[in-house]
Amino acid sequence: MTESTKNATLSFDGKTFELPMFSPTAGPDVIDIRKLYAQADVFTYDPGFTSTASCDSTITFIDGAEGVLLHRGYPIDQLAEKSHFLEVCYLLLYGELPTAAKLEDFETRVTRHTMVHEQMHNFFRGFRRDAHPMATMVGVVGAMSAFYADSADVSDPWQREVASIRLIAKLPTIAAMAYKYSIGQPFVYPRNDLDYAANFLNMCFSVPAEKYEVNPILARAMDRIFTLHADHEQNASTSTVRLASSSGANPFACIAAGIACLWGPAHGGANQACLEMLREIGTVDRIPEFIARAKDKDDPFRLMGFGHRVYKNFDPRAKVMKQSADEVLDLLGVENNPTLQVAKELEKQALADPYFAEKKLFPNVDFYSGIILEAMGFPTSMFTPIFALSRTIGWVSQWREMIADPQMKIGRPRQLYLGETQRDYVNVEDR
Ligand code: SDX
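K.L.:
Which residues make up empty space enclosed by the protein, and what are the values?
P.N.:
For the structure on display, the rule yields 2 cavities of 30 Å³ or more. Of the voids in this model, the largest cavity is the one considered here, and its volume is about 60 Å³. In terms of lining residues, the largest cavity is bounded by Met-115, Val-116, Glu-118, His-121, Thr-173, Met-177, Phe-187, Val-188, Tyr-189 and Pro-190. In the lining of the largest cavity, the residues fall into 7 nonpolar, 2 polar and 1 charged. Its volume calculated, the second largest cavity comes out at about 30 Å³. Residue lining of the second largest cavity: Thr-114, Ala-169, Pro-172, Thr-173, Tyr-196, Asn-199 and Met-203, and that is the complete set.

Dropping the structure here:
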């Protein structure tokens, strides 16, 4: 933690309190209110955490005004162009880009943990075939502590390392198994001769009945989607993982909590909701009708894939994702994909509309990812599971950072109570 460089003064009811302030390496200064309640007998109030820093971190930095996203200081567009997902995983976990030897060792460790315990195959069979893959993933990942109890003790640094590698390695296998189970096809085992993204595509799309070759351009696009979703500072699901972990719960249960939170349409579920919205719009001539609905205060409809709590000019990930969308659809000869045409025209009309400019609403990471995934052959129900397997490295990195912090305390927010003051019980005959 940095040293306090100055104080903030808080005055009310004739009293004045000095609160220490800390300056970050980037971003706004913070006011340390940890002792405020003890000193001033008041709480602060910030239900959506719009102005609250829940922790200090060295992993990811976002500048919402400038559209900047840095992972350990490296800009996301450079990582998406020049790096690959497992190297980004190493960077997020250990803080530095690896040497060639360290990268090879890391990739080998991950590759050799991609299989899941054979008994987990039976675990899947307890679900209905039409269960949403996210329901399966929450259940199966939460159950990992029952299969990998030898890496569930968070107080043991070695067990934390093993759990980290197991989660990064097995999430794609579990996501692919959830997909295969939902379509009634046999599970496909991971292959150690394929890289991370190619292995995932093979586990999803190959069948025992015939040879399957992974298209390298699709594998590269898949790898880039993983990289673009890897981490995003203290978003809702990462905050969920941190809060769950603060009680000392095992890492598998905490990551399952993160998957559950990510599922919501306001968060990671937006890519599925966005594609379903684009399909509902259907044709370019219906776009004005939906834009009008999004602007109507009395209509709960929102443009899925638009807007962001932090980014207030553009989401740098969406820019890279848009390039990938053009490459993939061009490769697949579906550049005239009607959904993509609607997406591009919707983006153009929304960005030209003063409402969206005033409210700083523009495509986020979820706007184009669904179009790429659909073109690759994934059903919309697999979009958020793919987001979850990508974000596992972010959740794991943030979890490790918090668990290793000697100042870590259990998260326990307070409240602004607006309920009844104390009153006595009334017997039913007297009511
Ligand atoms: C992700 O936090 C992260 O980092 C998340 C994420 C990550 O990598 O972890 O980036 C991934 O979750 C991306 C966001 C995906 N969600 C969506 O695409 C769903 C649609 N977007 C919205 O639900 C919304 O924009 C949020 C949830 C993303 C952000 O909501 P905020 O910051 O709480 O903003 P808000 O709801 O207070 O809205 C501000 C105004 C409101 O109007 P007023 O009440 O001020 O008049 O903007 C309007 C909203 O009505 N608004 C929208 C809109 N989003 C906000 N109007 C139309 N369409 C939208 N999409």
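K.L.:
Describe the sheet that holds strand β2 (residues 15-22), and please don't skip the residues or the numbers.
P.N.:
Read from one edge to the other, the open sheet built from 3 strands follows the order β1-β2-β3, with strand pairing classed as antiparallel. Lying at the two open borders of the sheet, with one neighbouring strand each, are β1 (6-12) and β3 (30-31). Strand direction decides the pairing type here: β2 and β3, joined by 2 bridges, are antiparallel. Bridge pairing links Met-21 to Ile-31 in β3.

K.L.:
Residues and numbers for the site of the ligand, please.
P.N.:
Close contacts around the ligand come from 24 residues, with His-232, Lys-297, His-308, Arg-317 and Arg-391 the closest. Between a nitrogen atom of the ligand and a main-chain N or O atom of Leu-303, the distance comes to 2.8 Å. Arg-317 places a side-chain nitrogen or oxygen 2.7 Å from an oxygen atom of the ligand. In isolation the ligand has 1,100 Å² of accessible area, and contact with the protein removes 77% of it. Split into classes, the residues belonging to the shell around the ligand amount to 10 nonpolar, 7 polar and 7 charged.

K.L.:
Please set out the pattern of salt bridges residue by residue, giving values where relevant.
P.N.:
On inspection of all chains with the given rule, the structure shows 19 salt bridges. A salt bridge links Lys-6 to Asp-29; its shortest N-O distance comes to 2.6 Å. Here the residue Lys-6 occupies a position in strand β1, and Asp-29 occupies one in the loop between β2 and β3, the gap between them amounting to 23 residues. In this structure Lys-6 comes out as partly exposed when scored by relative accessible area, which is 39%. Asp-29 sits in the partly exposed class, given a relative accessible area of 33%. For Asp-105, the salt bridge is made with Arg-109, and the minimal N-O distance between the two is 3.5 Å.

K.L.:
Provide a residue-level description of the state of the cysteines, including the pertinent values.
P.N.:
Tallied over the full model, the rule gives 0 disulfides. Not part of a disulfide, Cys-89 finds its nearest cysteine sulfur in Cys-204, a span of 17 Å. Taking the relative accessible area as the measure of exposure, Cys-89 reaches 0% and is therefore buried. The thiol of Cys-254 is unpaired, and the distance to the nearest cysteine sulfur, on Cys-261, comes to 13 Å.

K.L.:
Quick rundown of a nonpolar patch on the surface? Include the residues and the values.
P.N.:
Where nonpolar side chains cluster on the molecular surface, the patch consists of Tyr-45, Leu-416 and Leu-418 and spans about 410 Å² of accessible area. Along the chain, the position of Leu-416 falls in the segment after α18 (383-403).

K.L.:
So what about the packing of aromatic side chains? Which residues, and what values?
P.N.:
Counted according to the given criterion, the structure contains 23 aromatic pairs. Between Tyr-37 and Phe-43 the ring centres are 4.7 Å apart and the planes differ by 45 degrees, which places this aromatic pair in the tilted class. Consider the rings of Tyr-94 and Phe-106, whose centres lie 6.1 Å apart with planes at 90 degrees: the pair is edge-to-face. Note that Tyr-94 is positioned in helix α3 (residues 85-94) and Phe-106 in helix α4 (residues 100-111), a separation of 12 residues in sequence. Pairwise contacts between aromatic rings join Phe-85, Tyr-179, Tyr-196, Phe-200, Phe-205, Phe-226 and Phe-378 into one cluster.

Criteria and cut-off values
Residues numbered from 1 in each chain as written. Predicted model: local features only at pLDDT ≥ 70, side-chain atom pairs only at ≥ 80, totals over all residues. Heavy atoms only, no water. 1 Å grid on protein atoms, 1.4 Å probe; cavity = no way out; pocket = protein on both sides within 12 Å on 5 of 7 lines; lining within 4 Å. Points joined across faces, edges and corners; volume = space filled by probe spheres on them. Nonpolar A, V, L, I, M, F, W, Y, C, P; charged D, E, K, R; others polar. Pairing = 2+ DSSP bridges. Helix = DSSP H or I, 4+ residues; strand = E, 2+ residues; numbered from the N terminus. Near = heavy atom within 4 Å. Polar contact = N/O pair within 3.5 Å; in protein donor to acceptor, adjacent residues only side chain to side chain. Areas by Shrake-Rupley, 256 points an atom, 1.4 Å probe, with all protein chains shown as cover. Salt bridge = Lys/Arg side-chain N within 4 Å of Asp/Glu carboxyl O. Buried < 20%, exposed > 50% of the residue type's maximum accessible area, 1.4 Å probe, protein only. Disulfide = S-S within 2.5 Å. Patch = residues over 30% accessible without salt bridge, like charges linked within 9 Å, V, L, I, M, F, W, Y side chains within 5 Å. Phe/Tyr/Trp six-rings, centres within 6.5 Å; stacked < 30°, edge-to-face > 60°.

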